[in-house]
Amino acid sequence: MPDDTELLDPAEQRVYRLLVRLVVAGAADLADRAELPLAEAARLLESLRSKGLARGGPVFEALPPDVALGDVLLRRQRSLDSARRVVAGLTEEYRATTRRRVADHLVEIVVGAAALRERVRDLQNSAQEEILWFCRVNPIAMSGPENTEEGAALARGVRYRAIYERALLEMPGELDDIAASIRRGEHARVVDTLPVRLAIADRTVAICPLVPDRERDVGEPTAALIRRGELLDALVALFEGFWERATPLLGGDGEPGDPLGADRLLLSLFVAGFPDKSIASQLGVSKRTVQRRLERLMMMATVDTRAGLAYEAGRRGWL
């Protein structure tokens, strides 16, 4: 009877094909044609006979393979079907058990400023498509100038969308750093306040601090590393909701022929609600210069009020 554990190894296949071509042959004939030792040729012929692929001896004749091996293949198919059912049952049991303990794998707690800073760096270095930021004042992990990973990620094509708190832009040097990021490709917007600090990579993993600002001096900073699940989906939705309401922050001089020119950033700050004095401080110019440039923008928009300028900037797509 054929051996259910194997069909034909390469040497048996070679000898069988040769026997088919020769019609009948003995061990000496096959040894000569196949350049095999006589003992090896005899062994292979006996193996073919034991599997129902040859008959006779010492001169052998090939038999049809479908008859000899059909039963073996049928038994194997039945065994494979049985194995599939066992695997399906085990898989369902695994999934059912995993669903009960999945929460343990979706959220990881990160403790300490150094550990948190390292995770934020890893988050950006591993990103392939997009980073979403909530940027509040007094960062826990790293300040904007310390975030050297953003430039490298932008260079390899990762999209950055960042929402900044207004107070952050008023801190010394922050606006210059943000403007530089915008020139490198970051998409930035500004709001009055943000509910949490947040970083999301590729919509598959997020980092969100757990300790409120009022309790930051109580102990080490603690954050949650959140992987795919409904909690992460909620954080992405939170970001998108704030993004829709936030005011775009423009930097640089724009494209050639851009009517706003160097006033793009000034207009962004104005529409975001910054007072003239604050805009002047951020841009390093006098308050009177800010007022003069705003008057020029009002003339471009053919309006005579600042409220009209803000409206026209939105209607004309200047932001």
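Residues numbered from 1 in each chain as written. Predicted model: local features only at pLDDT ≥ 70, side-chain atom pairs only at ≥ 80, totals over all residues. Heavy atoms only, no water.

You'll find the chain entered in an unreviewed UniProt entry as TrmB family transcriptional regulator, with Dactylosporangium vinaceum given as the organism.

**A word on the overall build of the chain**
Within the chain one finds 14 helices and 11 strands. Of all intrachain contacts in the chain linking residues separated by at least 6 positions in sequence, the fraction that spans at least 24 positions is 65%. Of the roughly 17700 Å² of accessible surface on the chain, a fraction of 54% belongs to carbon and sulfur atoms. (Helix = DSSP H or I, 4+ residues; strand = E, 2+ residues; numbered from the N terminus. Contact = heavy atoms within 4.5 Å. Areas by Shrake-Rupley, 256 points an atom, 1.4 Å probe, with all protein chains shown as cover.)

**A look at the environment of Ser-268**
Locating Ser-268 in the fold gives a position in helix α11 (residues 264-271). Here Ser-268 falls in the buried class, since its relative accessible area comes to 0%. With 21 residues separating them in the primary sequence, Ser-268 and Thr-247 have C-alpha atoms 7.4 Å apart. (Buried < 20%, exposed > 50% of the residue type's maximum accessible area, 1.4 Å probe, protein only.)

**Concerning helix α6 (residues 113-126)**
Residues three or four positions apart in an α-helix share a direction because the helix packs 3.6 residues into each turn. Counted at 1.5 Å a residue, the expected span for α6 with its 14 residues is 20 Å, and the 20 Å between its end C-alpha atoms agrees. Every buried residue belonging to α6 is among Leu-116, Val-120, Leu-123 and Gln-124, and all of these are buried. When α6 is viewed along its axis, its buried side chains cluster within an angular range of 90° and face the same direction. (Expected span 1.5 Å × (residues − 1). Arc of directions from axis to C-beta.)

**Digging into the nonpolar core**
Counting 50 residues, the largest nonpolar core has Trp-133, Tyr-164, Leu-169, Leu-249, Leu-267, Leu-269 and Leu-309 as its most contacted members. The biggest single contributor to this core is α11, with five residues. (Core = buried A, V, L, I, M, F, W, Y, C linked by side-chain atoms within 4.5 Å.)

**A closer look at the sheet that holds strand β4 (residues 107-111)**
Taken in spatial order, the eight strands make up an open sheet running β4-β10-β9-β8-β5-β6-β7-β11, and their pairing is mixed. Because the sheet does not close on itself, it has two edges, and the strands there are β4 and β11 (247-249). In this sheet, adjacent strand axes meet at a mean angle of 20° when their direction is disregarded. As paired strands, strand β5 (residues 130-135) and strand β6 (residues 159-165) are joined by six bridges and run parallel to one another. The residue of β6 that forms the bridge with Cys-135 is Tyr-164. (Pairing = 2+ DSSP bridges. Axes fitted to C-alpha atoms, helices over the stretch in contact; angles between N-to-C directions.)

**What about the pattern of salt bridges?**
Counting across every chain of the model gives 17 salt bridges. Each of Glu-130, Arg-159, Arg-161, Arg-203 and Glu-240 takes part in salt bridges that share partners, so that together they form one network. (Salt bridge = Lys/Arg side-chain N within 4 Å of Asp/Glu carboxyl O.)

**Structural notes on the side chain of Glu-12**
Structurally, the position occupied by Glu-12 is in helix α1 (residues 10-22). In this structure the side chain of Glu-12 is engaged in a polar contact, spanning 2.3 Å, whose partner is the side chain of Ser-47. (Polar contact = N/O pair within 3.5 Å; in protein donor to acceptor, adjacent residues only side chain to side chain.)

**Some thoughts on the packing of aromatic side chains**
This structure, assessed with the given rule, holds three aromatic pairs. For the ring pair Phe-134 and Phe-242, a centre distance of 5.5 Å and an interplane angle of 70° mean the geometry is edge-to-face. Placement of the pair is Phe-134 in strand β5 and Phe-242 in helix α10 (residues 230-245), with a sequence separation of 108 residues. With respect to burial, Phe-134 and Phe-242 carry one shared label: buried. Three or more aromatic residues link up through ring pairs in this structure, and these residues are Phe-134, Phe-239, Phe-242 and Trp-243. The residue whose ring lies beneath Arg-161 is Trp-243, and the NZ or CZ to ring-centre distance is 5.0 Å. (Phe/Tyr/Trp six-rings, centres within 6.5 Å; stacked < 30°, edge-to-face > 60°. Lys NZ or Arg CZ within 6 Å of the ring centre and 35° of its normal.)

**Topic: the packing of helix α2 (residues 27-34) against helix α3 (residues 38-50)**
At a minimum axis separation of 8 Å, α2 and α3 run at an interaxial angle of 115°. In this structure, α2 crosses over α3, and the sense of that crossing is right-handed. Across the interface between the two elements, Ala-27, Ala-28, Leu-30 and Ala-31 of α2 pack against Leu-38, Ala-41, Ala-42 and Leu-45 of α3. Here the contact of α2 with α3 is composed, by residue class, of eight nonpolar, no polar and no charged. (Left-handed = near helix turned anticlockwise from the far one by under 90°. Nonpolar A, V, L, I, M, F, W, Y, C, P; charged D, E, K, R; others polar.)

**Notes on the environment of Ala-41**
Checked against the element boundaries, Ala-41 lands in helix α3. Separated by 30 residues in sequence, Ala-41 and Ala-11 have C-alpha atoms that sit 9.6 Å apart. Discounting residues that sit within four places of it in the chain, Ala-41 has contacts with Ala-27, Leu-30 and Ala-31.

**A few points about unusual backbone geometry**
Even without being a glycine, Val-23 presents a positive backbone phi close to 70°. For Val-23, the location among the structural elements is in the loop between α1 and β1 (24-26). Within the chain, Asp-202 stands out as a residue other than glycine whose phi angle is a positive 55°. Here Asp-202 is to be found in the loop between β8 (198-201) and β9 (205-209).

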